Amino acid sequence: MRVAIAIALGTGFVPAALCQSILFENATSAAGLDFPLQFVRAGVAVGDVDGDGWQDVCFFGGTATGPRLFHNNGDGTFSDATALAFPDGGVDSVLGLLADMDNDGDADLVMIRRRNGDYNDNHFAYARNDGGVYTTVSQGEPLAVDRTHQLGGMAIGDVDVDGDLDVVVAYQFGMALCLLNDGAGAFSDGTAAFGANLATNRPFWSITLADFNGDLLPDLHATVDGEPDYHARNIGGGAFIDVSTESGVTNVGSDMGLAVGDVQNDGDLDIYSTNIAFGVLYINNGGDVFRNRAAGRGCDQFANIGWGADFGDFDHDGDEDLAVVTFGGGGPLFENDGTGRFSDVSATAGIFLAGQAFVPFDYDRDGDLDALVVNLIGVPRLYRNISPGLPDRHWLIVRARGVQANRDGVGSRITVTTTDGTQMREVLGTTSFYSGRPPVAHFGLGAAEVVDSLTVRWNSGAGRTLTAVEADQELTVSEPLMRDGRLVGDADADGDVDLDDLTALLIHFDSQNATAAEGDSDGDGDVDLTDLAVFLAQFGADLIST
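## What about the packing of aromatic side chains?
- Per the counting criterion, the structure on display carries 19 aromatic pairs.
- Taking 6.4 Å as the distance between ring centres and 70 degrees as the angle between the ring planes, the aromatic pair formed by tyrosine 282 and phenylalanine 290 counts as edge-to-face.
- For tyrosine 282, a relative accessible area of 1% puts it in the buried group.
- Judged by relative accessible area, phenylalanine 290 falls into the buried class, the value being 0%.

## Concerning the sheet that holds strand S1 (residues 24-26)
- Strand order in the open sheet formed by four strands is S1-S29-S28-S27, and the pairing between neighbours is antiparallel. One side of each edge strand has no neighbouring strand; the edge strands of this open sheet are S1 and strand S27 (357-361). Adjacent strand axes in the sheet meet at a mean angle of 20 degrees, parallel and antiparallel pairs treated alike.
- Strand direction decides the pairing type here: S27 and strand S28 (residues 370-374), joined by five bridges, are antiparallel. From the neighbouring strand, valine 359 faces S28, where its bridge partner is leucine 372.

## Comments concerning the side chain of serine 412
- Assignment of secondary structure puts serine 412 in the loop between strand S30 (394-401) and strand S31 (413-418).
- Here the side chain of serine 412 touches glycine 409 through a polar contact of 2.8 Å, landing on its backbone oxygen.

## Some details on the environment of glycine 495
- Structurally, glycine 495 can be placed in the loop between strand S39 (486-487) and helix H7 (499-507).
- C-alpha separation for the pair glycine 495 and leucine 543, spaced 48 residues apart in sequence, amounts to 5.2 Å.

What counts, and at which threshold
Residues numbered from 1 in each chain as written. Predicted model: local features only at pLDDT ≥ 70, side-chain atom pairs only at ≥ 80, totals over all residues. Heavy atoms only, no water. Phe/Tyr/Trp six-rings, centres within 6.5 Å; stacked < 30°, edge-to-face > 60°. Buried < 20%, exposed > 50% of the residue type's maximum accessible area, 1.4 Å probe, protein only. Pairing = 2+ DSSP bridges. Helix = DSSP H or I, 4+ residues; strand = E, 2+ residues; numbered from the N terminus. Axes fitted to C-alpha atoms, helices over the stretch in contact; angles between N-to-C directions. Polar contact = N/O pair within 3.5 Å; in protein donor to acceptor, adjacent residues only side chain to side chain.

Below you can see the structure in the form of structure tokens.
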């Protein structure tokens with residue numbers, strides 16, 4: 001974010017509040033989240049469990065025997081909904097992620113369960129969401145494979161781009177495992193097909209699936225403790241190759257936490273990983289090749305042991321800031337100056353970044369990013385964003401609803417352009433450490449009241465562009481329909497649905513035995529008002545070439 005510049009007048013004294021561009025207030029008690037977790041290592045996931053539009057919070061781990069779900073009441077408070085959501089008590093788990101695994105429109109739950117409370121005896125579990133109530137469908141990994149290792153991290157994404165979300169689980173001092181989803185929430189072991197030395201034992205920590213080279217395929221990045229980080233490139237069909245060395249992610253240290261974002265608004269994803277008292281900022285050159293630029297960007301040093309981290313535009317000035325949660329004291333809040341260079345403003349930001357897990361999300365639906373910090377032992381801390389510049393700045397939150405792609409739109413790329421420039425976000429299933437984020441993209445727009453163009457690219461290859469989009473709203477953009485590899489409504493098969501296609505439809509209106517080239521959008525053999533309605537819904541859709 002751009003640091004406010006104060007001009008000293010008179011005595012030269014400027015109140016801190018007037019200079020502060022990012023500011024939070026502790027809302028934990030007011031929100032009803034001031035309860036003792038008593039967790040040795042606590043995971044957290046944020047998502048809309050009951051489909052009411054408000055983000056709920058689910059905690060995992062510790063002395064509890066199952067997840068603890070807190071329902072967002074929509075008035076700035078949460079209530080404990082654990083008994084209603086988990087009538088069977090749930091699964092004793094250390095981490096869970098909320099995601100629509102069966103594409104039925106609600107947030108299911110994938111978890112890493114503990115056996116007999118043992119953090120070194122972890123196994124996969126899946127619970128289906130039926131109207132806000134969770135039913136455990138499976139416990140234990142496919143093929144009855146046991147993992148007697150501590151969990152490192154878990155990521156979700158459409159590994160094989162077949163329209164549903166898969167899972168990758170990585171273990172500390174153990175191998176990683178790829179679980180392929182059949183679309184109905186049943187999983188099979190896809191580790192061998194994944195390749196890329198995924199099964200090689202490493203001391204994994206945080207992992208994420210994200211498109212680092214712009215080919216619409218999710219790649220895998222993992223932080224590794226005491227060894228070079230791990231980076232695998234997706235080559236299609238669910239197969240990956242290990243490109244850790246050639247990609248330049250070669251830092252050797254105690255890398256643990258992970259954040260992914262476009263820190264300099266150049267259209268590709270960069271990586272930040274936390275370590276003991278320092279961070280690594282891998283800047284992407286656009287071709288999935290990285291260089292550590294932390295020292296020159298002001299985000300290389302901090303006190304204490306770094307764990308969770310995430311990017312977010314906390315002051316709505318059009319660039320992504322960086323929060324780092326540490327153990328042993330408070331972590332830094334790095335403000336982006338708009339060029340991908342950072343300064344630590346944590347001393348005056350009103351937020352204590354001590355703990356392990358971290359999730360930025362808009363819990364009160366006022367358009368800005370609030371912050372949830374989960375400690376190792378004690379109460380979680382929820383911070384409300386009250387940055388002083390927010391009333392004069394604008395925002396946009398976008399959901400990319402998948403049709404051929406997974407319904408949550410995980411892996412979709414969203415680009416917005418205003419008079420101030422262009423920003424890109426990817427809808428990610430998870431980054432940080434033991435943390436799950438909502439599947440939305442948040443943009444700060446500065447003074448822009450209108451987005452000139454908004455483009456969503458799904459990993460199915462379909463895209464949609466909207467123009468003159470009003471700011472300060474939550475917007476859902478649905479993926480255009482495709483049939484037999486062709487956009488529905490694209491009569492001339494040129495890869496977009498435009499006025500030329502409307503001309504073909506009108507010329508053949510009321511025709512029988514018509515083809516797609518003659519405007520039959522719904523495939524029933526005639527051209528009528530239904531086809532016109534389908535065309536209008538598809539108008540502006542295009543196929544994205546990479």
